[in-house]
Number of protein chains: 2
Amino acid sequence: MTTLPHPERDEIRIELVLQALADPVRLRIVRELAAADTGLQCGAMDLGITKSTLTHHVRTLREAGVVRVHPQGTARISTLRRDDLEALYPGLLGGILAAPR
Amino acid sequence: MTTLPHPERDEIRIELVLQALADPVRLRIVRELAAADTGLQCGAMDLGITKSTLTHHVRTLREAGVVRVHPQGTARISTLRRDDLEALYPGLLGGILAAPR
DNA sequence: GTCGAAGTTTGATGATTTTCGTAGTACGGT
DNA sequence: ACCGTACTACGAAAATCATCAAACTTCGAC
């Protein structure tokens, strides 16, 4: 089971996306992913939470369609689904990222 | 108490805005307000909730800085704070409203 | 094959949130 | 002054959510 389930673009729902973005920890993750132009290993991010909590947050983001996660060895590389989000909700991501830190 | 407390533009925080938008009922309210180019009386909106629940949601939106509420007789007229939101998070509102129902 | 590193699963807990009913306030009209 | 309308306040119940610890899985390296 090397592939994790992701919603297709047309399965992404705005309610879930907003709910995923509405948590401070997840918003930080999204900001870090947006700042990098490559995928990142969330486990290396030094948020102040335990591993199991991180798992929960990354899954929430993945199931909402905000990030794509693919395994790489024992690690998980997460990337922002910029193109999908921009296609569905043009400007949303930019607006959020424009917010002062 | 004819004036209700609203956050100034520089007091609006993205976490609260996203949290306010992350509820289905509140998102419907925002969509209805956005569809009208005038302020609306939320109490006339026929969402499937009681009055006290509506009060709670409108207050959540107001305290987050999403809507401005001003009394008009016994009614309350709510308007989207388009300009403030656009200034703080350009594109966010447009992206959300672009989502298919 | 064993070990450690990275992540997941499960179950529990505490906090937050959504919701409602009831009672109360504020306003405008008669 | 009274009445009805629109809304608010106050609890309280139910649901959801974030968090953690402990046990388990998976993978790569030695």
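Structure: see above.
Just so it is clear, the structure is predicted and the values come from calculations on it, not from any experiment.

(A) Spatial organisation of the protein's contact with DNA strand C. A:Thr55, A:Thr74, B:Gln19, B:Thr53 and B:His57 are the nearest of the 22 residues found near DNA strand C. Here A:Thr74 contributes a side-chain N or O atom positioned 2.9 Å from a sugar or linking oxygen of DNA strand C. The separation between a base oxygen of DNA strand C and a polar side-chain atom of B:Ser52 is 3.0 Å. Secondary structure elements with two or more residues in the surface near DNA strand C: helix H3 (51-64) and strand S3 (75-80) of chain A together with helix H2 (24-35) and helix H3 (51-64) of chain B.

(B) How the structure looks around the side chain of A:Arg62. With respect to the helices and strands, A:Arg62 occurs in helix H3. Excluding its chain neighbours within four sequence positions, the residues that come into contact with A:Arg62 are A:Leu4, A:Pro5, A:His6, A:Pro7, A:Val67 and A:Val69.

(C) Spatial organisation of the interface of chain A and chain B. With 19 residues of chain A at the contact, the number on the chain B side is 18 residues. For the pairing of chain A and chain B, the buried interface totals around 1400 Å² over both sides, and the portion due to carbon and sulfur atoms is 77%. Taken as a group, A:Glu15, A:Leu18 and A:Ala22 account for 30% of the area that chain A buries against chain B, more than any other trio of residues on that side. At the boundary of chain A with chain B, the tally comes to zero salt bridges. Applying the counting criterion to the chain A and chain B interface returns two residue pairs in polar contact (both at pLDDT 80 or more). Among the secondary structure elements, those contributing two or more residues to the side of chain A that touches chain B are helix H1 (14-21), helix H2 (24-35) and helix H5 (92-97) of chain A. Among the elements that make up the side of chain A that touches chain B, the one with the highest residue count is H1(A) (five residues).

(D) Just unusual backbone geometry, in detail. All names here are of chain A. The phi dihedral of Asp 46 falls on the positive side, at around 55°, and the residue is not glycine. With respect to the helices and strands, the residue Asp 46 is situated in the loop between strand S1 (40-41) and H3. By relative accessible area, Asp 46 is classed as exposed at 70%.

(E) How the structure looks around the relation of the copies chain A and chain B. Relative to chain B, chain A is turned by 180° and slid 0.0 Å along the rotation axis, the superposed coordinates differing by an RMSD of 0.0 Å. This pairing of chains is accounted for by a two-fold axis. An overlap of 95% is found between the interface residues of chain A and their copies at the interface of chain B, pointing to a shared contact surface.

Rules and cut-offs
- Along each chain, residues carry numbers from 1 onward, in the same order as the chain's sequence is written.
- The naming scheme follows written order: chains are lettered A onward, ligands numbered 1 onward.
- Owing to the predicted nature of the model, reporting of local features is limited to residues with pLDDT of at least 70; listing and counting of side-chain atom pairs is limited to 80 or more, with chain, interface and lining totals taken over all residues.
- Only hydrogens and water are set aside when side-chain values are computed; all heavy atoms of the structure are taken into account.
- The near set for a molecule or strand comprises every residue that places at least one heavy atom within 4 Å of it.
- Polar contact is defined as a pair of N or O atoms within 3.5 Å, subject to the rule that within protein one atom must be able to donate a hydrogen and the other to accept it, and that residues adjacent in sequence are counted only when both atoms are side-chain atoms.
- Under the DSSP-based scheme used, a helix requires at least four consecutive residues in state H or I and a strand at least two consecutive residues in state E, with every element numbered from the N terminus.
- Residues count as neighbours in contact if any of their non-hydrogen atoms are within 4.5 Å of one another.
- Once two parts are put together, the accessible area they lose, assessed with a 1.4 Å probe and summed over both, is termed the buried area.
- A carboxyl oxygen of Asp or Glu within 4 Å of a side-chain nitrogen of Lys or Arg is what we treat as a salt bridge.
- Accessibility here uses a 1.4 Å probe with only protein chains present; expressed as a share of the type maximum, an area under 20% marks a residue as buried, one over 50% as exposed, and anything in between as partly exposed.
- Superposing the copies works by least squares over the C-alpha atoms of residues that have pLDDT at least 70 in both of them.

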